[in-house]
Amino acid sequence: MQSHLSWQYDEFNAVGRDYGSPSEVDVYDSSHADFRDIKAESIRVLDTLGIKRGDAVIDFGSGTGTFSVEAAKRGARVYAVDVSEAMLARAKAKAGEEGVSGIRFHHAGFLTYEPTEDLVDAVVTIYSFHHLPDFWKGIALKRIHRMLKPGGRLYMHDVIIEEPCALENVALFINKQEKAGGDFLREDAEGHFRDEFSTYDWVMDGLLARAGFSITDKHIEGGILGTYLCTKN
Ligand SMILES: C[S@@+](CC[C@H](N)C(=O)[O-])C[C@H]1O[C@@H](n2cnc3c(N)ncnc32)[C@H](O)[C@@H]1O
């Protein structure tokens, strides 16, 4: 995408939770540990995608880097892409602590990352795509499509909402988060729906299809947590 568009969405200055703040980064892994095991999740995603030595993978919205580190441990060439320099710094430190090389870190996002190698085998994005409004999600998916090899795969996991009982399911989700992590996770979940851009699954289905993906597997847990495995047509 041309970077000089004056009307381009500023993904470096997004609304919602401020992951650019070092204090947010400091509490990220411990607060998420209250409702998910990021390392076990990462291993499951890598198994699902069948990532092996020599594969190239882009991790969009890499956060504190757990997925990127696990992918690099398998011998993949990993591109960890995030708009937050504080997150990238934490991910680099984690890679150092775990003794893995093979990750290249890029301060960029879905709309601004320019690939440094030809085409990759897989793109993974976990709890990050909702930071873009829907129009820009469509633009981003077309960019991701161009970054993948023919038959390459996109794995997406995020808050993606089924239409039936949407309001009830959101309320149940917020309660569940509160039970798991008290006020911090309740406020985190409330802010998510109030300020950020999670969308309906039927919108996501359409955006993916129009970008040139086939949905090979899709699951929406509790009507709220969506997992998509897609293949580039
Ligand atoms: C909730 S965290 C998810 C981190 C990690 N993927 C995980 O599973 O824990 C969202 C991450 O997406 C990043 N992010 C937000 N907008 C982005 C964009 N437009 N492009 C790339 N990353 C973005 C944030 O800086 C943050 O690190």
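Each remark here, short or long, concerns the structure printed above.
Residues numbered from 1 in each chain as written. Predicted model: local features only at pLDDT ≥ 70, side-chain atom pairs only at ≥ 80, totals over all residues. Heavy atoms only, no water.

**Concerning the side chain of Ser31**
As a reminder of what qualifies: Here a strand is any run of E in DSSP of at least two residues, a helix any run of H or I of at least four, and the numbering for each starts at the N terminus. Each polar contact in these results corresponds to two N or O atoms within 3.5 Å; when the atoms are within protein, one needs to be able to donate a hydrogen and the other to accept it, and residues that are neighboring in sequence are counted only if both atoms are side-chain atoms. Here a residue-residue contact requires only that any non-hydrogen atoms of the pair lie within 4.5 Å.
In this fold, Ser31 is placed in helix α1 (residues 22-32). Here the side chain of Ser31 touches Val27 through a polar contact of 2.8 Å, landing on its backbone oxygen. Excluding residues that lie within four positions of it along the chain, Ser31 makes contacts with Phe184 and Leu185.

**Re the sheet that holds strand β5 (residues 148-159)**
The cut-off we apply is this: Paired strands are those between which DSSP finds at least two bridges. A fitted line through C-alpha atoms serves as each axis, taken over the contacting stretch for helices, and the angle formed by two N-to-C directions is quoted from 0 to 180°.
One open sheet accounts for seven strands, arranged β3-β2-β1-β4-β5-β7-β6; its pairing is mixed. The sheet is open, and its two borders are formed by β3 (103-107) and β6 (213-221), each paired with just one other strand. Each strand of the sheet is rotated relative to its neighbour by a mean of 15 degrees, with strand direction disregarded. Looking at chain direction, strand β1 (residues 56-60) and strand β2 (residues 77-82) are connected through five bridges and run parallel. Within β2, the residue paired with Asp59 across the bridge is Ala80. Strand contacts of helix α4 (residues 85-98): β2 and β3, with the helix running at about 170 degrees to β3, the strand carrying the most contacts. Each of β5, β6 and β7 (225-232) is contacted by helix α7 (residues 201-211), which is oriented at about 165 degrees to β6, the strand it contacts most.

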